[in-house]
Structure formats: structure tokens, C-alpha cells
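Report on the structure
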Amino acid sequence: MAPKTEGNNANNKTGFGLDLAEASATDNKKKAKSAPNLSAKASKSKKKQKKAKGSKRDAPSSIIPKVVSNRMIRRVGIFSGIPTLFAFLTIPASYLVTERGWIDFPSTVVLFISITCLGLGLVGVSYGIISASWDEGLDGSALGISEFRLNLGRIQERRKFQKEDRKRLKEEKAQAEKEAAKAEQASAKAESTEPTAEASEEESASS
């Protein structure tokens, strides 16, 4: 009887060992199968991040079309570049004229003319941007007076909308704070009434 039990135990042990080997093999297979899935998920996440970065980079070009941006740059170069060039050429030109004896320009006049040209150059930057046609299909006029009025009206409307939106958000925030304060006061009142109710119950019970 003893050898049989030992044989049975041996069989059980060998069977248990085989089961462990098979379980470890299946685990290894599962890990091997799950590894490509993880790598595939990682590659997909990397692709999504690349797409998100690309969309963020492409966002400014989608806001301002390339045709409109080139139009703005040209107009800024004309309305700002010419006065700025005159501002830099005023001093050498006045020096040349006074040296030749044609006209004697006072230094204050030369300085005033150069500063005025620089101011016109700074104004020309904003005017060149606003006076450009913001419609892709329309080139606009040479001076851009009508386009300047139209785009200035758009900017003013946008500012009004932003102010109204900020005001609305402030009102909503103030209302939420008031509601929170009312809720706190109601909870404080409820907590204060609970001890009085318990005291009255105790008094009634004692009486």
C-alpha cells in the first residue's frame, strides 16, 4: 500500500509540475501577445501627439489666410516703410542742402520732420494691417479707406462682445458666490437649531 501511495504522490507531483510548466508557458504566450498591443498603443499615442502638435502649428495659418497676410505685409511695407525711410534720410539730406548753401534748415525743423516721419511710420503699421482687405477674393482699393472703416468696425464689435462676455462672467461669478454664501448661512442656521431642539426634547423628557 505504501508504494502505491508514493507512486500516486509522485504522479501528483509530476502532474503538478507539468501543470506549472504549462501555466508558465501560457503566461509567457500572453505576455508575448500583449507586448505588441502595448507597442501599438504607444505608437498610436505618439501619432496622436504628432497630429495634435501639427494642428497647433497649423492653427495660425487657418486663422489668417496666406493671401491676406501677404496683402497686409505689402501694405505695411508701403505705408510704414516709406515714412521711415524719409525719417532716416531727413538728416543727411538737410546736411547736404545746408552745405551746398541752397536752404539753411534749422536743426529744430529737421528734428521735427524726422520725428514726424517716424510717427507716420508707426501709424502706417496699424493702418497697413487694418486697411488691407480681409476677404481672400477681394484685393481692395489702393488707399484702403473703405476697408479701413469696415475692419475698424469689426474690431470695435469684437471688443464690445468681449466686454459683454467679461461682464456676464463677472455677474455669474458674483451670483454663484451669493448662492454659496446663502447655502452656508442656511447650513449654519440648521446646525444652530439642532442643539436647541435636542435641549427642548431633553426638557420634555425630564418633565
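This report concerns the structure included in the present document. (Residues numbered from 1 in each chain as written. Predicted model: local features only at pLDDT ≥ 70, side-chain atom pairs only at ≥ 80, totals over all residues. Heavy atoms only, no water.)

A few points about the overall build of the chain
Within the chain one finds four helices and zero strands. Its helices and strands taken in sequence order, the chain reads α-α-α-α from the N to the C terminus. Taking contacts inside the chain between residues at least 6 apart in sequence as the whole, the part at least 24 apart equals 60%. (Helix = DSSP H or I, 4+ residues; strand = E, 2+ residues; numbered from the N terminus. Contact = heavy atoms within 4.5 Å.)

As for the packing of aromatic side chains
Here the structure, examined in full by the defined rule, presents two aromatic pairs. The interplanar angle of 80° and the centroid separation of 5.1 Å between the aromatic rings of F79 and Y127 together place this pair among those described as edge-to-face. Highlighted residues: F79 in helix 2 (residues 66–100) and Y127 in helix 3 (residues 107–130), separated in sequence by 48 residues. Seen in terms of ring centroids, Y127 and F148 are 5.1 Å apart; in terms of plane orientation they differ by 40°. Their pairing is tilted. In this pair, Y127 is assigned in helix 3 and F148 in helix 4 (residues 145–206), connecting sequence segments 21 residues apart. In this structure an aromatic cluster arises from ring pairing among F79, Y127 and F148. (Phe/Tyr/Trp six-rings, centres within 6.5 Å; stacked < 30°, edge-to-face > 60°.)

Digging into the pattern of salt bridges
Under the criterion given, the structure shown has three salt bridges. For R71, the salt bridge is made with D139, and the minimal N-O distance between the two is 3.8 Å. Pair noted here: R71 is in helix 2 and D139 is in the loop between helix 3 and helix 4, with a separation of 68 residues, a long-range link. Look at R71 and you get buried, because its relative accessible area is 5%. Note that E172 and R168 form a salt bridge whose closest N and O atoms lie 3.1 Å from each other. You can see E172 and its partner R168 sitting in helix 4, four residues apart, about one turn around the helix. A residue is classified by how much of its surface remains accessible, and E172, at 41% relative accessible area, is partly exposed. A residue is classified by how much of its surface remains accessible, and R168, at 42% relative accessible area, is partly exposed. (Salt bridge = Lys/Arg side-chain N within 4 Å of Asp/Glu carboxyl O. Buried < 20%, exposed > 50% of the residue type's maximum accessible area, 1.4 Å probe, protein only.)

Examining the packing of helix 2 against helix 3
As a packed pair, helix 2 and helix 3 sit with axes 7 Å apart at the nearest point and diverge in direction by 175°. Between helix 2 and helix 3, the angle is such that the two are roughly antiparallel. Here helix 2 contributes M72, R75, V76, F79, S80, P83, T84, F86, A87, T90, I91 and S94 to the contact with helix 3, which in turn contributes V110, I113, S114, C117, L118, L120, G121, G124, V125, Y127, G128 and I129. Of the residues in the contact of helix 2 with helix 3, the class split is 15 nonpolar, eight polar and one charged. (Axes fitted to C-alpha atoms, helices over the stretch in contact; angles between N-to-C directions. Parallel < 35°, antiparallel > 145°, perpendicular 65-115°, else oblique. Nonpolar A, V, L, I, M, F, W, Y, C, P; charged D, E, K, R; others polar.)

Side note on the environment of L89
Among the structural elements, L89 can be located in helix 2. What makes L89 partly exposed here is its relative accessible area of 45%. With 25 residues separating them in the primary sequence, L89 and S114 have C-alpha atoms 8.3 Å apart.

With respect to helix 3
For helix 3, spanning 24 residues, the distance from its first C-alpha to its last is 35 Å, which sits close to the expected 34 Å at 1.5 Å a residue. By the largest-angle criterion, G124 marks the main kink of helix 3, which is about 25°. Buried residues of helix 3: V110, S114, C117, G121, G124, G128 and I130, and no others. (Expected span 1.5 Å × (residues − 1). Bend = angle between axes of the 7 residues up to and from the residue.)

Structural notes on the side chain of S80
Structurally, S80 is set in helix 2. Only 2.7 Å separates the side chain of S80 from the backbone oxygen of G121, close enough to count as a polar contact. Leave out the neighbours within four places in its chain, and S80 touches R75, G121, G124 and V125. (Polar contact = N/O pair within 3.5 Å; in protein donor to acceptor, adjacent residues only side chain to side chain.)

It is worth stressing that arrangement in space is one thing and function is another; only the former is reported here.
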